[in-house]
Amino acid sequence: MGPDDANPLGNVHGGIILQMIAEAGYICATKYCNSEESRGLPGNEACSASLARAERTDFLQPMYVGEFAKVTAEVTYTSQHSLEVQVLVYAENIMEGQQRLTNKAYLWYVPESINEFPDSKVMKVPPLFHDSPESEQQGRLRYERQKSDRDRGKGVKHSQVDSKFSNFMIETEEPYTVLFSQSMLAHFVVPSDCTPNGYVREIGRASCRERV
């Protein structure tokens, strides 16, 4: 990792690490969903994995400029139309041969046909064979938990979101308050922000082709 990857404190910027996590998860999920076993399922065709949910991302330790970043990704659970990918990020000092676990993330992907974009058909996901019944049970519990959270989120009305956003934009002249410290970033989406299947990196459901 170089100086251009650093934040003001001199550590590797969290956004750089998040991008590596998203890219590793995408590669792992897309390869799994285009395996021979997947192509053999009825109705399946070439697909690209779209990020549907970033379940959890832990920043365990900082990564420093000059360290080598190593990212691993593994499919840890599958449902009929989605799959969970665990991504681990390590920082390695190649001079001293030391390696540290810096980040751990769980991401959920949905495989979509590349032939019908943007109204893509969701493909079926081949089942994952677990090492033990306990591992499968833990994965099923994580799946049910995130599915329940997503279902609750679908019930939120736009008016509720707009109301919260309006409150966020309230101006105040009183310093050192919560409202005083709030800010907003506006960013124009460009092609370099997008994944190969046309979605904004790390957001997943917003289409670059529709917004650029």
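Residues numbered from 1 in each chain as written. Predicted model: local features only at pLDDT ≥ 70, side-chain atom pairs only at ≥ 80, totals over all residues. Heavy atoms only, no water.

1. Overview of the side chain of Ser113
Working step 1: Inspection of the secondary structure puts Ser113 in strand E4 (residues 98-113).
Working step 2: By relative accessible area, Ser113 is classed as buried at 2%.
Working step 3: A polar atom in the side chain of Ser113 sits 2.4 Å from the side chain of Glu45. (Helix = DSSP H or I, 4+ residues; strand = E, 2+ residues; numbered from the N terminus. Buried < 20%, exposed > 50% of the residue type's maximum accessible area, 1.4 Å probe, protein only. Polar contact = N/O pair within 3.5 Å; in protein donor to acceptor, adjacent residues only side chain to side chain.)

2. Re the pattern of salt bridges
When charged atoms on two side chains of opposite charge get close, those side chains can pair.
Working step 1: Inspection of every chain in the model, using the stated rule, returns 6 salt bridges.
Working step 2: The salt bridge involving Asp58 is made with Arg56; its shortest N-O contact spans 3.0 Å.
Working step 3: Exposure remark for Asp58: the relative accessible area of 19% places this residue in the buried category.
Working step 4: The residue Glu67 makes a salt bridge to Arg100 at a minimum N-O spacing of 2.8 Å. With Glu67 in the loop between strand E1 (47-59) and strand E2 (68-78) and Arg100 in strand E4, the pair connects residues that are 33 residues apart, well separated along the chain.
Working step 5: A relative accessible area of 10% means that Glu67 is categorised as buried. (Salt bridge = Lys/Arg side-chain N within 4 Å of Asp/Glu carboxyl O.)

3. Observations concerning the environment of Ala73
Working step 1: Relative to the elements of secondary structure, Ala73 occurs in strand E2.
Working step 2: The class for Ala73 is partly exposed, based on a relative accessible area of 30%.
Working step 3: Through-space distance from the C-alpha of Ala73 to that of Gln86 is 5.6 Å; in sequence the pair is 13 residues apart.
Working step 4: For Ala73, the contacting residues outside a window of four places in its chain are Ala24, Gly25, Cys28, Val85, Gln86 and Val87. (Contact = heavy atoms within 4.5 Å.)

4. Observations regarding the confidence of the model for the chain
Working step 1: Looking at the chain, the pLDDT average stands at 78 and 70% of residues meet or exceed 70.
Working step 2: Contacts from residues 203-212, a stretch scored under 50 in pLDDT, to residues over four places away or in other chains number 26 contacts. (pLDDT = per-residue confidence, 0-100.)

5. Brief notes about the layout of surface pockets
Empty space left among the atoms is revealed by rolling a probe the size of a water molecule over them.
Working step 1: The computed volume of the largest pocket comes to approximately 240 Å³.
Working step 2: Broken down by secondary-structure element, the contributors of at least two residues to the lining of the largest pocket are E4 and helix H3 (133-154).
Working step 3: Among the elements that line the lining of the largest pocket, the one with the most residues is H3, at 6 residues.
Working step 4: Per-class residue counts for the lining of the largest pocket are 4 nonpolar, 4 polar and 4 charged.
Working step 5: The wall of the second largest pocket is formed by Glu74, Val75, Thr76, Gln86, Tyr106, Leu128, Phe129, His130, Asp131, Ser135, Gln138 and Arg142.
Working step 6: Elements with a minimum of two residues in the lining of the second largest pocket: E2 and H3.
Working step 7: Counted by class, the lining of the second largest pocket contains 4 nonpolar, 5 polar and 3 charged residues. (1 Å grid on protein atoms, 1.4 Å probe; cavity = no way out; pocket = protein on both sides within 12 Å on 5 of 7 lines; lining within 4 Å. Points joined across faces, edges and corners; volume = space filled by probe spheres on them. Nonpolar A, V, L, I, M, F, W, Y, C, P; charged D, E, K, R; others polar.)

6. What about the sheet that holds E4?
Working step 1: One open sheet holds the 4 strands; their spatial order is E1-E4-E3-E2, and the pairing between them is antiparallel. Every interior strand has two partners, whereas the edge strands, E1 and E2, have only one. Across the sheet, the mean angle separating the axes of adjacent strands is 25 degrees when strand polarity is ignored.
Working step 2: For strand E3 (residues 83-93) and E4, the ladder comprises 11 bridges, and the chain directions are antiparallel. Bridge pairing links Asn93 to Gln98 in E4.
Working step 3: On the sheet, helix H1 (residues 14-33) packs against E1, E2, E3 and E4 and is oriented at approximately 140 degrees with respect to E1. (Pairing = 2+ DSSP bridges. Axes fitted to C-alpha atoms, helices over the stretch in contact; angles between N-to-C directions.)

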